[in-house]
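So the chains spell out like this:
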Amino acid sequence: IPGMTVFAPADEQDMLAMLPAIWASPSPAYVRVNTRPATYEHAPFEMGKAEIVAEGTDITILTYGMLFEQTLVARELLQAQGKSVGLINLRSLKPIDEAALLAVVRRGSLIVTVEDHFVTGGLFSILAEVLLRHQLTVLQRQVQGRPRMTWTDRAFIALLINVIPKHRRDGLRLIVTPQTILRWHRDIVRRRWEDKFRHKHHGRPRGHRIFTDSVLR
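Residues numbered from 1 in each chain as written. Predicted model: local features only at pLDDT ≥ 70, side-chain atom pairs only at ≥ 80, totals over all residues. Heavy atoms only, no water.

Here the focus is helix α4 (residues 123–133). Buried within α4 we find Leu123, Ser125, Ile126, Leu127, Ala128, Val130 and Leu131. Looking one or two residues past α4, Gln135 carries a phi angle of roughly 60 degrees, positive in sign. (Buried < 20%, exposed > 50% of the residue type's maximum accessible area, 1.4 Å probe, protein only. Helix = DSSP H or I, 4+ residues; strand = E, 2+ residues; numbered from the N terminus.)

Once that is clear, we can look at the pairing of strand β5 (residues 85–89). Remember that side chains alternate between the two faces of the sheet whenever the strand is regular. Of all the five residues making up β5, five are buried; the element is thus mostly covered by neighbouring parts of the structure. Of the strand pairs in this sheet, strand β3 (residues 51–54) and β5 are connected by three bridges, and their pairing is antiparallel. Looking at the pairing, Ile52 lines up with Ile88 of β5. Two strands pair when backbone bridges link them, and strand β4 (residues 59–63) and β5 are joined in this way by five bridges, in the parallel orientation. When the bridges of β5 are listed, Thr60 appears paired with Gly86. (Pairing = 2+ DSSP bridges.)

Before going further, it helps to examine the nonpolar core. Leu90 and Leu101 are the most contacted members of the largest nonpolar core, which totals 17 residues. Residue assignment for this core shows that the elements contributing at least two residues are α3 (98–107) and α4. Counting residues per element, this core draws most heavily on α4, at five residues. Ignoring anything within four residues of it in the chain, the contact list for Leu101 reads Leu62, Leu90, Ile96, Leu127 and Val130. Counting residues in each nonpolar core, the second largest holds eight residues, with Ala10, Val53, Phe68 and Leu72 among its members. (Core = buried A, V, L, I, M, F, W, Y, C linked by side-chain atoms within 4.5 Å. Contact = heavy atoms within 4.5 Å.)

This part takes up the environment of Arg32. With respect to the element layout, Arg32 can be found in the loop between β2 (29–31) and β3. On the accessibility criterion, Arg32 (28% relative accessible area) is partly exposed. Measuring from C-alpha to C-alpha, the distance between Arg32 and Pro9 comes to 7.0 Å, with 23 residues separating the pair along the chain.

Glancing now at the environment of Val33. As for its position among the elements, Val33 is in the loop between β2 and β3. Put simply, Val33 and Met66 are 33 residues apart on the chain and 9.5 Å apart in space, counted from C-alpha to C-alpha. What Val33 contacts, discounting residues up to four positions off in sequence, is Met15 and Met66.

The next subject is the confidence of the model for the protein chain. With 66% of its residues at a pLDDT of at least 70, the protein chain reaches an overall mean of 78. Overall, residues 138–147 carries pLDDT values under 50, and its contacts beyond four positions in sequence, including any with other chains, amount to 15 contacts. Across residues 206–217, confidence stays below pLDDT 50; counting only partners more than four residues off in sequence or on other chains, it has zero contacts. (pLDDT = per-residue confidence, 0-100.)

Attention shifts here to the pattern of salt bridges. Under the criterion given, the structure shown has four salt bridges. Arg32 is the salt-bridge partner of Asp116, the closest N and O atoms lying 3.2 Å from each other. Linking Asp116 in the loop between β7 (110–114) and α4 with Arg32 in the loop between β2 and β3, this pair joins segments that are 84 residues apart in sequence. Looking at Asp116, the relative accessible area reads 33%, which means it is partly exposed. One network of salt bridges, in which partners are shared, links Asp14, Glu51 and Arg91. (Salt bridge = Lys/Arg side-chain N within 4 Å of Asp/Glu carboxyl O.)

This is the structure we're talking about:
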């Protein structure tokens, strides 16, 4: 829907704080209703601006909605281990506070997204798109020994390679070769189709008998 905005309050107090601004906006809006009691005193709401709960130099947690309370607990646990942990309550995914995202990335801390959503289409994807648009994405990991990647890592890298313009792609430092990325992509497609058409029972598929009976009749 053109002009649609998406809001995800952390709790009831956060939701009540943003409703007047949402009602006053001419844009259509989707609000994830959250009636959880507040365990944190929120800052005044400003359209398109994230709430900076804390700044950290080691780790910064990005979150929204109902998982905000859990990230407060996670921050306390990490701080007890001597980590400097930042926490940002994004409040809205559209509009997204790009300035806040870029600021924490340029600060150099580890960025962790916490969300009740799929890997694609949510905060993780939004963050990746923002970083790519501002040329801040580098496909490189600092690892000891041989890199170990999951299939989602491989799919994400393959996707990025396909959407990055060639003149941008030449400046990236990759931990894999283009040939390896293509092989990963082929493997993902092959496994997807194998899973889709894998039969649960041995022998000919059930559809074969139905087709044969229909022809013989």
